[in-house]
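Chain by chain, the residues run as shown.
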Amino acid sequence: MVHWQAPPELTDMPVPEPGPGEVLIKVAGAGVCHSDLHVMEWPEGTLPYALPFTLGHETAGWVHSFGPGARGAGLNEGDAVLVYGPWGCGLCPPCSRGAENYCRHAAEIGAAGGGLGRDGGMSEYMLVPSPRLLVPLGDLDPHTAAPLTDAALTPYHAIKRSLHRLVPGTTAVVIGAGGLGQAAVQLLKALSPAEVVAVDLDTAKLDLAAESGADHCVLAGDDAADRVRRLSGGLGAALVLDCVGADVTMATAAAAASVESDITVVGLAGGTLPVRFGAVPWEASVSMPYWGTRPELAEVIALAAAGKLHLPVKTYPLKEAGQVYGMLQEGKVPGRAVLLPQP
Ligand code: FEH
Ligand code: ZN
Ligand code: ZN
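Treat the numbers as computed from the prediction; the structure is a model and nothing was measured.

## Structural notes on the overall build of the protein chain
In step 1: For the protein chain, the count of helices and strands is 10 helices and 15 strands.
In step 2: For 343 residues, the compact-globule estimate of 2.2 N^0.38 gives 20 Å, and the protein chain sits close to it at 20 Å.
In step 3: Overall, the protein chain is about 60 × 40 × 35 Å in size when its C-alpha atoms are taken along their principal axes.
In step 4: Across the 343 residues of the protein chain, 54% fall into the buried class.
In step 5: If you take every contact in the protein chain between residues at least 6 apart in sequence, the share linking residues at least 24 apart comes to 70%.
In step 6: For the protein chain, the computed accessible surface area is about 14800 Å², with 56% contributed by carbon and sulfur atoms.

Following this line, the structure appears as structure tokens:
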């Protein structure tokens, strides 16, 4: 990422040397996230990042080498790991409980993590500032595991906080059946007894959502909320997870939600939802959670290891990054694309 509001460039970089406390990762695969398209389109000053930096905030690979003092019990050269994406100070109260997504010093740090202000995983090697930001992958394949650290962790965090609402007989709705949406459908089926409804404009993505376990698929449009309401016996949904976040999807979310529901927006399209009498159901909570915690990432890995989460992933060589971002922009990536840096 060399210039704001410009496509990223492929460049040669020296292999980094891990400094004190750092770990060098040999990258197996880096996920291509829709947020990167927003990072590229937003004007200079929107994000507090210094340019240039290497993109890729979903990274899986192997421990290559340790900087002085970074070696510790439980992690060895060659171990397969996921990189936990949000990098905080590591010491403040949220960071101490593994919630570096809500580090109190985020503004001073000036970068959200590798691929978001610091060099990320779209590269043969990636420097990680501390072993605390690595979660062992066990036997999962690092070539395809990268999306677990964002495309799965983000909806996992969002869903987990609403599980108390998803009792038998309730309905959960996922709007947007891209990478996050597919993970959300699988997570809801694995974690709750709720009926799951997927909503999207694209029938191919809805077919994939059905394969992911969605009980019902609804084509996005003016009648989508009514259809959800009918599917839920007139009640509406106890959780609506909006993976798009545009005006139109947030309006659908509010219209599809039940009394005492959660309307949870994780998509970054920048839409607005008016919260006023008549616009949202009584006692509905509207929130925008950001990413997830490190302990939750270990839980996501455990679900994947148990065979309960298998994101639809397609791999491409890193040198095709430009084309893959283009496909993502046009909505032509089913599930998640992962870039492989090793030939
Ligand atoms: C990246 C940049 C800004 C907000 C959110 C993201 C995510 O893709 C991480 O969840
Ligand atoms: Zn992301
Ligand atoms: Zn912190």
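## As for the site of ligand 1
In step 1: Taken together, the neighbourhood of ligand 1 is formed by C33, S35, H57, L116, D150, T154, L268, Y290 and W291.
In step 2: Here S35 contributes a side-chain N or O atom positioned 2.5 Å from an oxygen atom of ligand 1.
In step 3: Between ligand 1 and D150, the relevant distance is 2.9 Å, taken from an oxygen atom to a side-chain nitrogen or oxygen of the residue.
In step 4: In terms of residue class, the shell around ligand 1 is made up of five nonpolar, three polar and one charged.

## With respect to the layout of surface pockets
Gaps between atoms show up when a probe of the same size as a water molecule is rolled over them.
In step 1: By volume, the second largest pocket amounts to about 870 Å³.
In step 2: What lines the second largest pocket is a set of 35 residues, and nearest its centre among them are T11, M13, T54, M122 and S123.
In step 3: A per-class count over the lining of the second largest pocket returns 23 nonpolar, six polar and six charged.

## Concerning a nonpolar patch on the surface
In step 1: A cluster of nonpolar side chains, namely V259, F277 and W282, defines an oily patch on the protein surface of about 440 Å² accessible area.
In step 2: Mapped onto the elements of the fold, V259 is located in strand β12 (residues 257-265).

## Some points on the packing of aromatic side chains
In step 1: Enumeration according to the criterion identifies three aromatic pairs in this entry.
In step 2: A centroid spacing of 5.7 Å and a plane angle of 85 degrees characterise the contact between Y49 and F53, whose relative ring orientation is edge-to-face.
In step 3: Since its relative accessible area comes to 3%, F53 is described here as buried.
In step 4: With centroids separated by 5.8 Å and ring planes inclined at 45 degrees, the aromatic side chains of F277 and W282 adopt a geometry described as tilted.

## As for the side chain of T171
In step 1: Structurally, T171 can be placed in strand β8 (residues 171-175).
In step 2: Among the residues examined, T171 registers a relative accessible area of 5% and is labelled buried.
In step 3: Residue contacts for T171: discarding those within four places in its chain leaves L166, A194, E195, V197, S232, A237, A238 and L239.

Reading the values: the criteria
Position labels on residues start from 1 in each chain and follow its written sequence. Starting at A for chains and at 1 for ligands, labels are handed out in the order in which the entities are written. Whole-chain, interface and lining totals are the exception, using all residues; otherwise, since this is a predicted model, local features are given only for residues with pLDDT of at least 70 and side-chain atom pairs are given and counted only at 80 or more. Note that the side-chain values use all heavy atoms of the structure and ignore hydrogens as well as water. The numbering of helices and of strands both runs from the N terminus, where a helix is a DSSP run of H or I of at least 4 residues and a strand a run of E of at least 2. Throughout, the radius of gyration refers to the C-alpha atoms, and the reference size of a globule is 2.2 Å times the residue count to the power 0.38. In this scheme, a residue with accessible area under 20% of its type's maximum is buried, one over 50% is exposed, and one in between is partly exposed, where area comes from a 1.4 Å probe on protein chains only. We call two residues in contact when some of their heavy atoms are within 4.5 Å. To measure how exposed things are, a 1.4 Å probe is used in the Shrake-Rupley method; for residues, cover is taken only from the protein chains shown. If even one non-hydrogen atom of a residue comes within 4 Å of a molecule or strand, that residue is called near it. Polar contact is the term for a pair of N or O atoms within 3.5 Å; when the atoms are in protein, one must be able to donate a hydrogen and the other to accept it, and sequence-neighboring residues count only if both atoms are side-chain atoms. Side-chain classes follow a simple rule in which Ala, Val, Leu, Ile, Met, Phe, Trp, Tyr, Cys and Pro form the nonpolar group, Asp, Glu, Lys and Arg form the charged group, and the remainder, Gly included, forms the polar group. The pocket and cavity definitions rest on a 1 Å grid over protein atoms only: a 1.4 Å probe that fits but cannot leave marks a cavity, an open set with protein on both sides within 12 Å along at least five of seven lines marks a pocket, and residues lining either have an atom within 4 Å of a point. Grid points are joined across faces, edges and corners, and a volume is the space filled by probe spheres set on the points. Patches in this entry comprise residues that are over 30% relatively accessible and not in a salt bridge; like charges within 9 Å are linked, as are nonpolar side chains (Val, Leu, Ile, Met, Phe, Trp, Tyr) within 5 Å. Any carboxyl oxygen of Asp or Glu that lies within 4 Å of a side-chain nitrogen of Lys or Arg is treated as forming a salt bridge with it. Planes of paired rings set the category: under 30 degrees apart is stacked, over 60 is edge-to-face and the rest tilted, where pairs are Phe, Tyr or Trp rings (Trp by its six-membered ring) whose centres lie within 6.5 Å.

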